[in-house]
Amino acid sequence: GSCAFPWFPDSSHWRRDAAALLEKELTRNTFPSGIDRELATDYHCFVAALGLLGAAEATAAGHPVSDATWERLAALADSGAALLDDTSRAPRQGDADDSRAILLDAPAENQWPLLLALGDAVLGRLDWWPQTVPDAGSTLAGALAGSRREVPGRPAQRPSRFRDAGIAILRTHPAGSPEIWCRCDGGPHGFLSIAAHAHADALSVEVRYGGADILADPGTYCYHGEPEWRSYFRSTIAHNTAEIAGRSQSLEGGPFMWLRHARTRQIRVQDPDLNWAAEHDGYTTLTPKTRHRRSVRLDPALRAIDITDVIDTEGHEVRLAFHFGPLVQVSLDGTRAELTWPDAAAPGAARMELPGGLDWSLHQGETAPILGWYSTGLGRRQPAATLVGTGRPRHDLPLITRLAFASVSIDSGSDPAEGR
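Predicted model, so just to flag it, every value in this text is computed and none were measured.

Q: Explain the overall build of the chain to me, please; I cannot follow it from the model alone.
A: Counting its secondary structure elements, the chain contains six helices and 23 strands. At 22 Å, the chain has a C-alpha radius of gyration in line with the 22 Å of a compact globule built from 420 residues. Structurally, the chain occupies a C-alpha span of about 70 × 50 × 40 Å along its principal axes. Here the chain holds 420 residues, and the buried ones make up 53% of them. Within the chain, contacts between residues at least 6 apart in sequence are counted, and of these 65% link residues at least 24 apart. Just so you have it, the chain exposes about 17,800 Å², and 53% of that area is on carbon and sulfur atoms.

Written out as structure tokens, the structure reads:
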């Protein structure tokens, strides 16, 4: 603002203070990898867009921001591009409220292509980025900036691990279309002590097939006015992970506060492009203490994902949850679930082999208690299938789940497990 409207007596003072504050807060609010410390991907996009627009305005006014600010903005843009699936959709981690830094075109449901267009206009896209299409906002920012800013040290190849943020992306090679994309969560709970926009989702996974949500993060739905729904969408049972002793891993203190954070530790694995493992201590306050460890393996040849949970507990009830996107139809028979999504852009089918030793049940759109919901955006929710396995597993018996995608047409009537 002080760059755009420089005629006040204090404008130059405001401008210098604002530039220093922008650099300081970008550094505080983002990991060195560029991932936003809120660990709410929607806010990553919003912060990156605000910063890029501010930097473009400062450049146009002849008072460019510092090299350190440009480096952090480039890291925000590059890490954001690396998170996307092959339809340019980002993870649904943490809170989302559809905030926009600039809105000159009709609102788009997915704002990430607009961020990449903005990043391309101001910084220049890297070769591995998805293709970008200019919009009004990015065209304006590019005109303000005048020329793309060259920032050294940007990644030559698309990264898949962001260890400081605890995020891993496993995915099949582009030649293996439709893409299987999997986000694994092994990072901190959230930003600062209140972790305002965090969810109790340690060790959760998201899985997509050709951009369609198969194992889905539930989203946010609401911030205020409906406390039971706010608590549900942030809770452990609402995510693809394990709830123990009927409570979330982290202790909620209000709609934007957490009193205790689950701490997660990543475990080294061989072949990290296809494997991931981590554990958290969110249940060590129970008596007896309990730990949850999870490993995930993507097998591109078999087009399958194996999820192995080790829950070191004695006597506590466990609920292992798998939530599906709204396009996924689920039928359950014992420990086997058949999945189809005929109405997706990339229709498909899969089979889930679920762990024995748990009693599996199918839920959808329930309200007493709340279970089986998916939010497409703030203020919007719809029923979606959820599988829950309940029991008291032996601490030395791993719970192994296999999600195997079919390689045959779902219209053929073939067994989804065939042809893998």
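Q: So what exactly am I meant to see when it comes to the state of the cysteines here?
A: Simply put, disulfide is the name for a covalent bond between the sulfur atoms of two cysteines. Under the criterion given, the structure shown has zero disulfides. There is no disulfide at cysteine 182, and the cysteine sulfur nearest it, in cysteine 184, is 3.9 Å away.

Q: Would you mind showing me how to read the pattern of salt bridges here?
A: Opposite charge on two side chains permits pairing when their charged atoms draw close. Per the counting criterion, the structure on display carries 22 salt bridges. Of the charged contacts in the structure, one is a salt bridge between arginine 149 and aspartate 67, with a shortest N-O distance of 2.5 Å. Placement of the pair is arginine 149 in the loop between helix 5 (136-145) and strand 1 (161-162) and aspartate 67 in helix 3 (residues 67-83), with a sequence separation of 82 residues. On the basis of relative accessibility, which here comes to 26%, the residue arginine 149 falls in the partly exposed class. For aspartate 67, a relative accessible area of 48% translates into the label partly exposed. Linked through salt bridges whose partners overlap, the residues forming this network are Asp85, Arg89, Arg183, Glu206, Arg208, Asp213 and Asp217.

Q: Just checking my understanding: could you explain the sheet that holds strand 23 (residues 399-405) for this structure?
A: Backbone hydrogen bonds are what pair the strands of a sheet, in a parallel or an antiparallel way. Judged by pairing direction, the sheet is antiparallel, and its eight strands sit side by side in the order 9-10-11-12-23-16-15-14 without closing on themselves. Where the open sheet ends on each side, the last strands, each with one partner, are strand 9 (264-266) and strand 14 (329-333). The mean inter-strand angle of the sheet, taken between neighbouring strand axes irrespective of direction, is 15°.

Q: Before we go on, may I ask you to explain the confidence of the model for the chain in this structure?
A: A low pLDDT score tells you not to read the predicted coordinates there in detail. Counting all residues, the mean pLDDT for the chain is 94, and 96% of those residues have values of 70 or more. Contacts from residues 408-420, a stretch scored under 50 in pLDDT, to residues over four places away or in other chains number 21 contacts.

Q: Would you mind showing me how to read the packing of aromatic side chains here?
A: For any pair of aromatic rings, geometry is given as the distance between the ring centres together with the angle between the planes. Taken as a whole, this structure holds 13 aromatic pairs when the rule is applied. Ring geometry for tyrosine 223 and phenylalanine 256: centres 5.0 Å apart, planes at 70°, overall edge-to-face. With tyrosine 223 in the loop between strand 5 (212-215) and helix 6 (227-234) and phenylalanine 256 in the loop between strand 7 (251-254) and strand 8 (257-260), this residue pair connects regions lying 33 residues apart in the sequence. Classification of tyrosine 223 as buried rests on a relative accessible area of 12%. Both rings, one in tryptophan 341 and one in phenylalanine 405, keep their centres 6.0 Å apart while their planes meet at 80°; by these two values the pair is edge-to-face. Of this pair, tryptophan 341 sits in the loop between strand 15 (336-340) and strand 16 (349-353) while phenylalanine 405 sits in strand 23, and the two are 64 residues apart along the sequence. The exposure classification of tryptophan 341 matches that of phenylalanine 405, with both residues buried.

Q: What exactly am I supposed to notice about a nonpolar patch on the surface here?
A: Residues Phe5, Trp7, Phe8 and Trp14 make up a contiguous nonpolar surface patch of roughly 500 Å² in combined accessible area. Examined against the element boundaries, tryptophan 14 turns out to sit in helix 1 (residues 11-29). Residue classification places tryptophan 14 among the partly exposed positions, given a relative accessible area of 42%.

Q: What should I look at first to understand the pairing of strand 5 in this one?
A: Consecutive side chains along a regular strand alternate between the two faces of the sheet. One ladder, built from three bridges, connects strand 4 (residues 205-209) with strand 5; its direction is antiparallel. Within strand 5, the position partnered with tyrosine 209 by the bridge is alanine 212. Where strand 4 hands over to strand 5, the hairpin turn is made up of two residues, of which glycine 210 adopts a positive phi near 55°.

Q: Sorry, what's going on with the nonpolar core here?
A: A general feature of soluble globular proteins is that nonpolar side chains tend to end up buried together. Judged by nonpolar contacts, the single largest core of 45 residues is most densely connected at Phe324, Leu339 and Met352. Apart from the residues within four sequence positions on either side, methionine 352 is in contact with Leu215, Phe322, Phe324, Thr335, Arg336, Ala337, Leu339, Leu387, Thr401, Arg402 and Leu403.

Calculation criteria
- Residues numbered from 1 in each chain as written.
- Predicted model: local features only at pLDDT ≥ 70, side-chain atom pairs only at ≥ 80, totals over all residues.
- Heavy atoms only, no water.
- Helix = DSSP H or I, 4+ residues; strand = E, 2+ residues; numbered from the N terminus.
- Rg over C-alpha atoms; globule rule 2.2 N^0.38 Å.
- Buried < 20%, exposed > 50% of the residue type's maximum accessible area, 1.4 Å probe, protein only.
- Contact = heavy atoms within 4.5 Å.
- Areas by Shrake-Rupley, 256 points an atom, 1.4 Å probe, with all protein chains shown as cover.
- Disulfide = S-S within 2.5 Å.
- Salt bridge = Lys/Arg side-chain N within 4 Å of Asp/Glu carboxyl O.
- Pairing = 2+ DSSP bridges.
- Axes fitted to C-alpha atoms, helices over the stretch in contact; angles between N-to-C directions.
- pLDDT = per-residue confidence, 0-100.
- Phe/Tyr/Trp six-rings, centres within 6.5 Å; stacked < 30°, edge-to-face > 60°.
- Patch = residues over 30% accessible without salt bridge, like charges linked within 9 Å, V, L, I, M, F, W, Y side chains within 5 Å.
- Core = buried A, V, L, I, M, F, W, Y, C linked by side-chain atoms within 4.5 Å.

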